[in-house]
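Here is what each chain is made of, one letter per residue.
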Amino acid sequence: MKLDTIAVHAGGKPDPATGAIAPPIHLSTTFEHGPAGERPLGYMYIREGSPTEARLEEALAALDGGEAALVFSSGMAAGAAYLATLPAGSHVLLADDIYYGLREMAKDFLVGWGIESSSVDMADLEAVRGAVRKQTRLIWAESPSNPLMKVVDLAALAKIAKDAKARFAVDGTFATPILQRPLALGADAVMHAATKYLGGHSDVQGGALVFARRDETYEKARHTRHILGGVLSPFNSWLVLRGLRSLAVRVERHSANGLAIARALEAHPAVQAVHYPGLSSHAGHEIAKRQMSGFGGMLSFRVKGGREGAVGVCSKVRVFTVATSLGGTESLIEHRASSEGPTSKTPQNLLRCSIGLEHADDLIEDLRQALE
Ligand SMILES: Cc1ncc(COP(=O)(O)O)c(C=O)c1O
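Read on for an overview of the structure. Quantities reported herein were computed from a predicted structural model and do not represent experimental measurements.

Conventions used here
- Residues numbered from 1 in each chain as written.
- Predicted model: local features only at pLDDT ≥ 70, side-chain atom pairs only at ≥ 80, totals over all residues.
- Heavy atoms only, no water.
- 1 Å grid on protein atoms, 1.4 Å probe; cavity = no way out; pocket = protein on both sides within 12 Å on 5 of 7 lines; lining within 4 Å.
- Points joined across faces, edges and corners; volume = space filled by probe spheres on them.
- Helix = DSSP H or I, 4+ residues; strand = E, 2+ residues; numbered from the N terminus.
- Nonpolar A, V, L, I, M, F, W, Y, C, P; charged D, E, K, R; others polar.
- Phe/Tyr/Trp six-rings, centres within 6.5 Å; stacked < 30°, edge-to-face > 60°.
- Buried < 20%, exposed > 50% of the residue type's maximum accessible area, 1.4 Å probe, protein only.
- Lys NZ or Arg CZ within 6 Å of the ring centre and 35° of its normal.
- Expected span 1.5 Å × (residues − 1).
- Contact = heavy atoms within 4.5 Å.
- Near = heavy atom within 4 Å.
- Polar contact = N/O pair within 3.5 Å; in protein donor to acceptor, adjacent residues only side chain to side chain.
- Areas by Shrake-Rupley, 256 points an atom, 1.4 Å probe, with all protein chains shown as cover.
- Sits in = over half its atoms within 2 Å of the grid points.
- Axes fitted to C-alpha atoms, helices over the stretch in contact; angles between N-to-C directions.
- Left-handed = near helix turned anticlockwise from the far one by under 90°.
- Parallel < 35°, antiparallel > 145°, perpendicular 65-115°, else oblique.
- Pairing = 2+ DSSP bridges.
- Salt bridge = Lys/Arg side-chain N within 4 Å of Asp/Glu carboxyl O.

### Notes on the layout of surface pockets
Approximately 330 Å³ is the volume attributed to the largest pocket. Around the largest pocket, the lining comprises 22 residues; the ones closest to its centre are Tyr-99, Asn-146, Ala-193, Lys-196 and Leu-326. Contributing elements (two or more residues each) for the lining of the largest pocket: α3 (75–83), α4 (100–110), β6 (189–193) and α13 (336–340). A breakdown of the residues in the lining of the largest pocket according to their chemical character gives 8 nonpolar, 9 polar and 5 charged.

The following block contains the structure:
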């Protein structure tokens, strides 16, 4: 089946008790079990797993083409659970441009877990080969990346990881499974901040890991969630599941708007550079064409007036809202270095946009007047 159809139906069997088409939200934290802890219907206690969460996991595994999925209370909780599957003494190779929270996690937490990390420009495959160490157990990429929109060759990186006997995981938040399916390109796992496009309405926080195989790594991440407790609540599971139903059509519109706005910005005299993988000027455009079915609604651009010019644009927009996060129906813009704080490596003249579902003409006009 096509992804549009899977998005509408996966995890959506009518409720066996009532025939309800909209899935029930099972709020129960505990489930009747047998005299010796038997789980006749598969559940025991909410932190171990719950029916609404299970529906969402079934849907996400189907969308990303994995054997199993786990959902978490946030994208960060999902990323942490994956990294926590590594034994002490491991080395993790991170892409140089990744979500700053994951970079902070590496800096502030991995060391305490006995895990070393280093970063490399994953657009440079020779550099990646050179950065792999004997102890490298995981290569972690993000494509397109936040906030520079770098695109890396996922199939080539999967091969490098395989040759090194390391795992390969991809943060696929910006692309969603509609535009890019890393597992089909050889990745072992894909991570999503469900807070973004999967939820789709800026009203739910969640995270997901989808696994190519229901293997030991899956079991370890499941154990981490069970014991450390980063579960997704039944209501939030339900909201993300509802978001998935319209994911394919939303992403189509996000992508069409993203391309229109990127082209308009590229032609604007006050703009120094536009980072959008759908533009032929983008360094990763050819790879993006190969491994993505569209280019999505995220872009960043640099203005000519430095930090002041960038902050000035934020103070003048009327249709865009100045806010962090992404993937909702409304267009957002932010001075990314300010959002990331003092440890940010992001250029000071860079603005990151999450292009929403408004009419592209209104968004272009808004940016044009703000750039004046
Ligand atoms: C690419 C990417 N990965 C992971 C995360 C973390 O997700 P969450 O905020 O749900 O923890 C974000 C959040 O912005 C993100 O943009």
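### Description of the packing of aromatic side chains
Taken as a whole, this structure holds 7 aromatic pairs when the rule is applied. Judged by centre distance (5.4 Å) and plane angle (40°), the rings of Phe-31 and Tyr-43 are tilted. With Phe-31 in the loop between α1 (3–9) and α2 (51–64) and Tyr-43 in the loop between α1 and α2, the pair connects residues that are 12 residues apart, well separated along the chain. Looking at Phe-31, the relative accessible area reads 17%, which means it is buried. For the pair Phe-211 and Tyr-218, a centre-to-centre distance of 5.4 Å together with 85° between the ring planes defines the contact as edge-to-face. When sorted by exposure, Phe-211 lands in the same class as Tyr-218, which is buried. The ring of Phe-72 carries the charged tip of Arg-225 above its face, separated from the ring centre by 5.8 Å.

### Description of helix α9 (residues 234–245)
Along an α-helix, residues three or four positions apart point the same way, because every turn accommodates 3.6 residues. If you check α9, its first and last C-alpha atoms are 17 Å apart, about what 12 residues at 1.5 Å a residue would give, namely 16 Å. Those residues of α9 that are buried are in contact with α1, α2 and α10 (247–266).

### What about empty space enclosed by the protein?
Taken as a whole and assessed by the stated rule, the structure comprises 2 cavities of 30 Å³ or more. Quantified by volume, the largest cavity comes out at close to 40 Å³. Of the residues contributing to the lining of the largest cavity, the split by class is 3 nonpolar, 1 polar and 5 charged. In this structure, the second largest cavity encloses a volume near 30 Å³. Along its surface, the second largest cavity is lined by Tyr-82, Arg-167, Asp-188, Phe-211, Arg-213, Asp-215 and Thr-217. Class assignment of the residues belonging to the lining of the second largest cavity gives a composition of 2 nonpolar, 1 polar and 4 charged.

### Observations concerning the site of the ligand
Around the ligand, a shell composed of 15 residues is seen, among which Gly-75, Met-76, Asp-171, Thr-195 and Lys-196 lie nearest. Between Gly-75 and the ligand, the recorded distance is 2.9 Å, taken from a backbone N or O atom to an oxygen atom. A distance of 3.1 Å is found between an oxygen atom of the ligand and a side-chain nitrogen or oxygen belonging to Gln-205. Contact with the protein chains hides 94% of the accessible area of the ligand, taken as 390 Å² for the molecule alone. Here the ligand is seated within the largest pocket. Those elements that place two or more of their residues in the shell around the ligand are α3 and β6.

### Notes on the packing of α2 against α9
For the pair α2 and α9, interaxial distance at closest approach is 8 Å and the crossing angle is 35°. The interaxial crossing formed by α2 with α9 has left-handed handedness. Each of Thr-52, Glu-53, Arg-55, Leu-56, Ala-59, Leu-60 and Leu-63 in α2 lies in contact with α9, whose residues at this interface are Pro-234, Ser-237, Trp-238, Val-240, Leu-241 and Leu-244. When grouped by side-chain class, the residues that make up the contact of α2 with α9 number 9 nonpolar, 2 polar and 2 charged.

### Structural notes on the packing of α3 against α4
Two quantities define a packed helix pair, namely the angle between the axes and the distance from one axis to the other. Where α3 contacts α4, the two axes come as close as 11 Å, and the packing angle between them is 45°. Classified by the angle between their axes, α3 and α4 sit oblique to one another. In this structure, α3 crosses over α4, and the sense of that crossing is right-handed. Residues Met-76, Gly-79, Ala-80 and Leu-83 of α3 lie in contact with α4, whose contacting residues are Gly-101, Leu-102, Met-105 and Leu-110. The class makeup of the residues in the contact of α3 with α4 is 6 nonpolar, 2 polar and no charged.

### Regarding the pairing of β6
A regular strand carries its side chains on alternate faces of the sheet. In terms of burial, β6 is a largely internal element, 5 of the 5 residues being buried. The side-chain alternation of β6 yields two buried faces, one formed by Ala-189, Met-191 and Ala-193 and the other by Val-190 and His-192. Note: strand β5 (residues 167–171) against β6, 3 bridges, orientation parallel. Following the sheet pairing, Asp-171 is matched in β6 by Met-191. By the bridge criterion, 5 bridges tie β6 to strand β7 (residues 207–211) in an arrangement that is antiparallel. Counterpart to Ala-193 in the pairing with β7 is Gly-207.

### Details of the pattern of salt bridges
Any two side chains of opposite charge can pair, on the condition that their charged atoms come close. Inspection of the entire model under this criterion finds 20 salt bridges. Residues Arg-225 and Glu-53 are paired through a salt bridge, measuring 3.5 Å at the closest nitrogen-oxygen approach. Placement of Arg-225 in helix α8 (residues 216–228) and of Glu-53 in helix α2 is noted, with a sequence separation of 172 residues between them. Of the two residues, Arg-225 and Glu-53, both sit in the buried class. The salt bridge partner of Glu-365 is Arg-368, with a shortest N-O separation of 3.9 Å. Of this pair, Glu-365 and Arg-368 both sit in helix α14 (residues 360–371), separated by 3 residues, roughly a single helical turn. Here Arg-368 falls in the partly exposed class, since its relative accessible area comes to 40%.

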